[in-house]
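Residue-level structure breakdown
Now for the letters of each chain:
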Amino acid sequence: MAKEKLIKKAKKYLVAGVDSPVRAFNYVGGDLLVIKKGSGSKVYDHAGKGYIDYVLSWGSLILGHASPKITRDVKKALDSGFSFGTTNIREIELAKAISKAIPVIEKIRFVNSGTEAVMGAIRLARGYTGRDKIIKFRNSYHGHADYLLAKGGSGLATLGIPQSDGVPRDFTKHTIVAPYGDKKSMDKIFTKYDKEIAAVIFEPCGGNYGVTLPDIDFIKYLRVITKKYGALLIADEVITGFRFYFGSLAVKLGVKPDLIILGKIIGGGLPVGAYGGGRRIMNKLAPLGEVYQASTFSGNPVVMQAGLSTLKALRDLRYSYNRPEKLAACLTISLMKEAGRRHIDLKIVRFGSIFSIKFKDKKIFRKFYRGMLRRGIYFAPSEFEANFLSFGHTGKDIDKTIKAAEEVMRDM
Ligand SMILES: *Cc1c(COP(=O)(O)O)cnc(C)c1O
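The structure displayed is predicted, hence computed values, not measured ones.

**Focus: the pairing of strand E1 (residues 35-39)**
Relative to strand E2 (residues 42-45), E1 runs antiparallel, the two sharing 4 bridges. Paired with Ser39 across the bridge in E2 is Lys42. Hairpin geometry of E1 and E2 is characterised by an intervening segment of 2 residues between the two adjacent antiparallel strands and by a positive phi of about 60° at Gly40.

So, in structure tokens, the structure goes:
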């Protein structure tokens, strides 16, 4: 089917042609992408046009698309049935692999998305502490649960809406939105609400409002102040888990959170979320404890296999995490150089293998973006979303991307 026809059909039956707002490409204008297949660092549309993919299912595919080994293992799992709704060996093995890599996670609960994992972790924190209030940081994104759509980042920031319609005021009244990196305001909040605060939730490296570098000193302070007031510290590592190291970024930065939330990478591209922590806290979950959380598809064997095979591959690659990181460094340095040469105001923030791109204004970003996409480079379609490198990317991909950027910037 012709591209235009397909997009028209998508828009007829899906809202704006998509199932998640940023995919509509509103921020960059032009048509949305309908992708037919992916392989390694590339995706292909229905006309057969290939794109070097720096979105990678929003950071999920750290090994690249359709990694042969993962595909083989997942097919094998499929042959044994799609879903049991009981415990299966793959979920036991994935739980063990995660716990080995992140010893803070003595026990884990699998769910189907990052959003669900965040909801579960916060309910657990509230149940464990017997307190209601939570603190999140301005511009951080923790999925689309009602009470976390309080001045959230990601799609919301992109659309410039401070808070979603349809969220009752009462639902966000226990959510305190704090400025990131500001110890004094943390002091104030804790002094004011004291024993009402159940937990602080943070992203060890911000990935949903552009890339926001970790403030290690501040993160360490979060550990100190939560301990002092008996609140839990929750690290949302849906992006950062297994992204920069074989394990948790928070732990690598020197902080042991009480609960860690995982998603994206640990599903190998299939829908997943998980939250875990020390036995004492996790045992408050039903049926051992009184904090209820259930799900039909949790621990799905096919998803668990994709995660397990991904972690196995990453464990073998653990010493080469600097490979995607080096590619990211090389790419971003070249983009900056090219922009500098042409007096284009470009800001790039990079942490390890992820980076975000920002121009002086949205119009310039748009121009750059459309030019790159036309040349087969698929960056995140918003200045607020992160771009990702994977083990599927090669030096050749980077060279091609730089060459395209040179051409695009020449015309700017
Ligand atoms: C993607 C993301 C989520 C939500 O995960 P979904 O699987 O999209 O529900 C939560 N927190 C962070 C930091 C994320 O990047």
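Having put the structure on the table, let's press on.
**Re unusual backbone geometry**
Here the amide bond leading from Ala286 into Pro287 is cis, since omega sits at 10°, within 30 degrees of zero. If you trace the backbone, Pro287 turns up in the loop between helix H10 (279-282) and helix H11 (301-316). The backbone of Ala66 shows a phi angle near 50°, a positive value even though the residue is not glycine. Within the secondary structure, Ala66 sits in the loop between helix H2 (56-59) and helix H3 (68-79). Positive phi, close to 30°, is recorded for Lys264, a residue that is not glycine.

**A few points about the packing of helix H13 (residues 362-374) against helix H14 (residues 395-410)**
Where H13 meets H14, the closest approach of the two axes is 9 Å, and the angle between their N-to-C directions is 130°. With respect to H14, the element H13 is oriented oblique. Considering how the two elements wind past one another, H13 and H14 form a crossing that is right-handed. Seen from H13, the contacting residues are Lys367, Phe368, Gly371 and Met372; seen from H14, they are Thr401, Ala404, Ala405, Val408 and Met409. When grouped by side-chain class, the residues that make up the contact of H13 with H14 number 6 nonpolar, 2 polar and 1 charged.

**Some thoughts on the site of the ligand**
Taken together, Ser113, Gly114, Thr115, Tyr141, His142, Gly143, Glu203, Asn208, Asp236, Val238, Ile239 and Lys264 make up all the residues around the ligand. About the coverage of the ligand: the protein hides 83% of its 380 Å² of free accessible area. Here the residues of the shell around the ligand are counted per class, giving 3 nonpolar, 6 polar and 3 charged.

**Quick word on the confidence of the model for the protein**
Do not read the predicted coordinates in detail wherever pLDDT is low. Considering every residue of the protein, the mean pLDDT works out to 95; 97% of them sit at 70 or more. Mean pLDDT in the protein bottoms out at helix H6 (residues 154-159), which sits at 38, and peaks at strand E9 (residues 259-263), which reaches 99. When the criterion is pLDDT under 50, residues 152-162 qualifies, and its contacts beyond four places in sequence or with other chains add up to 25 contacts.

**Quick notes on the pairing of strand E3 (residues 50-53)**
Walk down a regular strand and you will see the side chains alternate between the two sheet faces. Here 3 bridges tie E2 to E3, and the two strands are oriented antiparallel to one another. What sits directly across from Tyr44, in E3, is Gly50. Looking at chain direction, E3 and strand E13 (residues 377-378) are connected through 2 bridges and run parallel. Bridging from a neighbouring strand, Ile52 pairs with Ile377 of E13.

**Section: the packing of helix H12 (residues 322-341) against H14**
Running from N to C, H12 and H14 point in directions that differ by 15°, and their axes come no closer than 10 Å. It follows from the interaxial angle that H12 and H14 lie roughly parallel. Seen from above, H12 lies across H14 with right-handed handedness. Contacts from Leu327, Cys330, Leu331, Ser334, Leu335, Glu338 and Ala339 of H12 reach H14 at Gly395, Ile398, Thr401, Ile402, Ala405, Glu406 and Met409. Split by residue class, the contact of H12 with H14 holds 9 nonpolar, 3 polar and 2 charged.

**Details of the pattern of salt bridges**
Applying the stated rule across the entire model yields 11 salt bridges. The shortest N-O distance in the salt bridge between Asp217 and Lys183 comes to 2.8 Å. A residue pair is termed long-range when its members are at least 10 positions apart, and Asp217 in helix H8 (residues 216-229) and Lys183 in helix H7 (residues 183-193) qualify at 34 residues. The partly exposed category is assigned to Lys183, whose relative accessible area is 31%. As a salt-bridge pair, Lys195 and Asp194 come within 3.6 Å of each other at their nearest N and O atoms. Classification of Lys195 by relative accessible area gives exposed; the value is 53%. It is possible to trace a salt-bridge network through shared partners that takes in Glu338, Arg341 and Arg342.

**Side note on the sheet that holds strand E10 (residues 273-277)**
Spatially, E4-E10-E9-E8-E7-E5-E6 is the arrangement adopted by the 7 strands of the open sheet, whose pairing is mixed. Edge positions in the sheet fall to strand E4 (107-111) and strand E6 (175-178), since each has one partner strand and no second. The average undirected angle you get between the axes of adjacent strands in this sheet is 20°. Where strand E5 (residues 133-137) lies against E6, 4 bridges are found, and the strand directions are parallel. Within E6, the position partnered with Phe137 by the bridge is Ala178.

**What about the packing of aromatic side chains?**
A full pass over the atoms with the stated rule returns 19 aromatic pairs. Grouped by ring-pair contacts, the aromatic residues Phe25, Tyr27, Tyr54, Tyr209, Phe355, Phe359, Phe365, Phe368, Tyr369, Tyr378, Phe379 and Phe384 constitute a single cluster. Over the aromatic face of Tyr44 sits the side chain of Lys37, whose NZ or CZ is 5.7 Å from the ring centroid. Looking at Lys183, its charged tip hangs above the ring of Tyr221, at a distance of 5.3 Å from the centre.

**So, H8**
Given a rise of 1.5 Å per residue, 14 residues ought to cover 20 Å, and the 20 Å separating the end C-alpha atoms of H8 matches this to within 8%. When H8 is considered as a whole, its buried residues turn out to be Phe218, Ile219, Leu222, Arg223, Ile225, Thr226 and Tyr229. Packed against the buried residues of H8 are E5, H7, strand E7 (197-202) and strand E8 (232-236). Where H8 ends, the next residue or the one after it, Gly230, has phi of about 75°, a positive value.

Criteria and cut-off values
Residues numbered from 1 in each chain as written. Predicted model: local features only at pLDDT ≥ 70, side-chain atom pairs only at ≥ 80, totals over all residues. Heavy atoms only, no water. Pairing = 2+ DSSP bridges. Helix = DSSP H or I, 4+ residues; strand = E, 2+ residues; numbered from the N terminus. Axes fitted to C-alpha atoms, helices over the stretch in contact; angles between N-to-C directions. Parallel < 35°, antiparallel > 145°, perpendicular 65-115°, else oblique. Left-handed = near helix turned anticlockwise from the far one by under 90°. Contact = heavy atoms within 4.5 Å. Nonpolar A, V, L, I, M, F, W, Y, C, P; charged D, E, K, R; others polar. Near = heavy atom within 4 Å. Areas by Shrake-Rupley, 256 points an atom, 1.4 Å probe, with all protein chains shown as cover. pLDDT = per-residue confidence, 0-100. Salt bridge = Lys/Arg side-chain N within 4 Å of Asp/Glu carboxyl O. Buried < 20%, exposed > 50% of the residue type's maximum accessible area, 1.4 Å probe, protein only. Phe/Tyr/Trp six-rings, centres within 6.5 Å; stacked < 30°, edge-to-face > 60°. Lys NZ or Arg CZ within 6 Å of the ring centre and 35° of its normal. Expected span 1.5 Å × (residues − 1).

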